[in-house]
Amino acid sequence: MRIFITGGTGLIGSAIVKNLIAHDHQVFALARSDISKNKLITAGATPIPGDITQPQKWCADLPDIDAAIHTACDFSDAMAQMDETLLDHLIPALTRPKQHHSGPVRFIYTGGNWMYPQTNATPTSPGVMTAVDETTPFDPLPEFIWGLTGIKRVLSAANLAGIVIHPSCVYDTGEKGQSGILARDIETAQTDNRVTLVGGDDIYQPMVHADDIADLYRLALEHAKPGESYIGSAINDVSTREVAELIATHFGAENCQIDTISTAEAMARYGNWARGLAHNQQLSSAKAMQDLGWSPRHTDFAADMARHAKTIAKLGPNSRC
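Counting restarts for each chain: residues are numbered from 1 in the order of the written sequence. It should be noted that, the model being predicted, local features are given only for residues of pLDDT at least 70 and side-chain atom pairs only at 80 or more, the latter also being counted only at that level, while totals for whole chains, interfaces and linings use all residues. With hydrogens and water stripped out, all remaining heavy atoms of the structure feed into the side-chain values.

Visitor: I tried to follow the overall build of the protein on my own but got confused; where do I start?
Guide: In DSSP terms, a helix is any run of H or I states spanning at least four residues, a strand is any run of E spanning at least two, and both are numbered starting from the N terminus. The secondary structure content of the protein amounts to ten helices and eleven strands. When we talk radius of gyration, it's over C-alpha atoms, and the globule rule is simply 2.2 Å times the number of residues to the 0.38. A compact globule built from 321 residues would reach a C-alpha radius of gyration of about 20 Å, and the protein, at 20 Å, matches this within 12%. Seen through its principal axes, the protein has C-alpha atoms that stretch 60 × 45 × 35 Å. Note on exposure labels: buried denotes an accessible area under 20% of the residue type's maximum, exposed denotes more than 50%, and partly exposed covers the range between, all computed with a 1.4 Å probe on protein chains only. By residue count, 54% of the 321 residues in the protein fall in the buried class. Pairs at least 24 residues apart make up 79% of the contacts formed inside the protein by residues separated by at least 6 positions. Exposure was quantified through the Shrake-Rupley algorithm and a 1.4 Å probe, taking into account, for residues, occlusion by the shown protein chains and nothing else. A total accessible area of about 14,200 Å² is found for the protein, and carbon and sulfur atoms account for 50% of it. His is not counted here, nor are the chain ends, while Lys and Arg score as positive and Asp and Glu score as negative. Working definition for charges: the position is that of NZ of Lys, CZ of Arg, CG of Asp or CD of Glu. Looking at charge distribution, the protein has the averaged site of its 25 positive side-chain charges lying 6 Å from that of its 36 negative ones. In this description, contact between two residues means that some pair of their heavy atoms is separated by no more than 4.5 Å.

The structure is reproduced here in structure tokens:
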């Protein structure tokens, strides 16, 4: 397939680009800068110059494509308007008549685990654990309510085969120079011998490795029925306390400090989106596994952290992932 991607040099997008090219798909990706352009060319993708904040300048000139994947996002207050404006131009571009094929373009929109409510129980608490799945009603964090509008627009657009992927908290192990949700604490462990724990010890955040979630995007692109949504989560049983301890062990020096701060303090430091760092959840990916045959390979988080530390050591003492 001929596939267009936004956010193709980001954490999720770069993994998707690599995965799609490895499976013989032709990839076009938006490039805001020469650095992004060169990264995409090196990866084997065709860059399309443009900025996600100015879709009117490039959407009309998109080549004929079979599918599109939207992964570009930031955590600024401008994201709601940015996403709305993008869809205002991208959806018409994807639904215009095509020359080289018939049928609607397949369009994967990215939601996320913070679109769903917390689960009060934990893997170690008594009773039956009920995990969030695709049938659970949305209850997004206030900072991500705008995602509901995007999901509705994509799934209801005429002449568009809309699909939604909800990644859990995405991390990487350094091979592509990124660590995802772990990046801030890995850096402070290296520079200040300190890791920050938000909200306390009994918080479980679902996680997924970037390479595994990229595999889910590809499988959905190739096999999902239009209108379907899939949650992508591979690790549910590692607490944020355990994550902090593993980062301190592998990336800090002796006696690396773990500082516990409140959710309110995290929001003051990093932005209101940081309330998600204390969002306790258990997510089920049974649907993705059953419908699409998704089989995540990264399910041992401790082993991944050990490997990640070795990767950073190879990159050199000044590396920042």
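Right, picking up where we left off after that structure.
Visitor: How should empty space enclosed by the protein be read in this particular structure?
Guide: One way to see where empty space is left: roll a probe the size of a water molecule over the atoms. Buriedness for pockets is judged along seven lines, at least five of which must meet protein on both sides within 12 Å for an open set on the 1 Å grid over protein atoms alone, while cavities are sets there where a 1.4 Å probe fits but cannot get out, and lining residues have an atom within 4 Å of a point. Grid points are joined across faces, edges and corners, and a volume is the space filled by probe spheres set on the points. Evaluated as defined, the whole model comprises one cavity of 30 Å³ or more. Taken together, 15 residues line the largest cavity, and the ones lying closest to its centre are Asp 185, Gln 205, Thr 240, Val 243 and Leu 277. Of all the elements in the fold, those that place two or more residues in the lining of the largest cavity are α5 (183–192), β8 (194–198) and α7 (240–251). Residues of the lining of the largest cavity, tallied by class, amount to ten nonpolar, three polar and two charged. Gly is put with the polar residues, along with every residue not named as nonpolar or charged; the nonpolar set is Ala, Val, Leu, Ile, Met, Phe, Trp, Tyr, Cys and Pro, and the charged set is Asp, Glu, Lys and Arg.

Visitor: Can you walk me through the sheet that holds strand β1 (residues 2–6) in this structure?
Guide: Adjacent strands of a sheet form backbone hydrogen bonds with each other and so pair up, either parallel or antiparallel. Two strands form a pair only when DSSP identifies at least two bridges running between them. Taken in spatial order, the seven strands of this open sheet run β3-β2-β1-β4-β5-β6-β10, and their pairing is parallel. Edge positions in the open sheet fall to β3 (46–49) and β10 (229–232), since each of these has one partner strand only. Strand-to-strand twist in this sheet, taken as the mean axis angle between neighbours without regard to direction, amounts to 20°. When strand β6 (residues 160–167) meets β10, the two strands line up parallel, connected through four bridges. When the sheet's bridge partners are listed, Val 164 is paired in β10 with Ser 229. Where helix α1 (residues 11–22) meets the sheet, it contacts β1, β2 (26–31), β4 (67–70) and β6, and its direction lies at approximately 170° from that of β1. Contacting β1, β4, β5 (105–110) and β6, helix α3 (residues 79–95) runs over the sheet at an angle of about 165° to β5. Axes here mean lines fitted to C-alpha atoms, for a helix over just the part in contact, with angles spanning 0 to 180 degrees between N-to-C directions.

Visitor: Which parts of the structure should I look at to understand the packing of aromatic side chains?
Guide: The description of an aromatic ring pair uses the distance of the two centres, along with the angle that the planes make with each other. Only rings of Phe, Tyr and Trp enter the pairing, Trp through its six-membered ring, and a pair is recorded when the two centres are within 6.5 Å. The plane angle decides the type: under 30 degrees is stacked, over 60 is edge-to-face, the rest tilted. Scanning the model with the defined rule gives five aromatic pairs in all. Measuring from centroid to centroid gives 5.7 Å for Phe 4 and Trp 58, while their planes differ by 50°, and the two rings are tilted. Taken together, the residues Phe 4 in strand β1 and Trp 58 in the loop between β3 and β4 connect sequence positions 54 residues apart. The same class applies to Phe 4 and to Trp 58, which are both buried. Grouping aromatic residues by their ring pairs yields a cluster made of Trp 114, Phe 144 and Trp 273. Our definition puts a charge over a ring when NZ of Lys or CZ of Arg is within 6 Å of the ring centre and also within 35 degrees of the ring normal. The positively charged end of Lys 287 is found above the aromatic ring belonging to Tyr 230, 4.9 Å away from the centroid.

Visitor: Please clarify how the nonpolar core should be interpreted in this entry.
Guide: A general trend in soluble globular proteins is that nonpolar side chains are found buried together. For our purposes a nonpolar core is just a set of buried Ala, Val, Leu, Ile, Met, Phe, Trp, Tyr and Cys residues, chained together by side-chain atoms within 4.5 Å. With 101 residues, the main nonpolar core has Phe 4, Ile 69, Leu 94, Ile 247 and Phe 301 as its most contacted residues. Each residue touching Ile 69, except ones within four places of it in the same chain, is listed here: Ile 3, Phe 4, Ile 5, Thr 6, Ile 16, Leu 20, Phe 107, Ile 108, Tyr 217 and Leu 221.

Visitor: Help me out: how do you make sense of helix α4 (residues 146–156) in this one?
Guide: For an α-helix the count is 3.6 residues per turn, leaving residues at separations of three or four pointing the same way. Turning to α4, its buried residues are Trp 146, Gly 147, Leu 148, Gly 150, Ile 151 and Val 154. Buried-residue contacts for α4 involve α3, β5 and β6.

Visitor: Is there a simple way to think about the side chain of Asp 212 in this case?
Guide: Here Asp 212 shows up in helix α6 (residues 210–223). Assessed through its relative accessible area of 1%, Asp 212 is described here as buried. Counting of polar contacts relies on pairs of N or O atoms within 3.5 Å, with two restrictions inside protein: one atom must be capable of donating a hydrogen and the other of accepting it, and residues adjacent in sequence are counted only when both atoms are side-chain atoms. Of the polar contacts made by the side chain of Asp 212, one reaches the backbone nitrogen of His 298; its length is 2.9 Å. If sequence neighbours within four positions are ignored, Asp 212 has contacts with Trp 294, Pro 296, Arg 297 and His 298.

Visitor: What is the right way to look at the environment of Ser 229 in this model?
Guide: The residue Ser 229 is located in strand β10 in this model. On the basis of relative accessible area, Ser 229 is assigned to the buried category, the value being 15%. Between the C-alpha atoms of Ser 229 and Tyr 109, which are 120 residues apart in sequence, the distance is 9.4 Å. Setting aside residues no more than four positions away along its own chain, Ser 229 makes contact with Glu 134, Leu 155, Val 164, His 166 and Lys 287.

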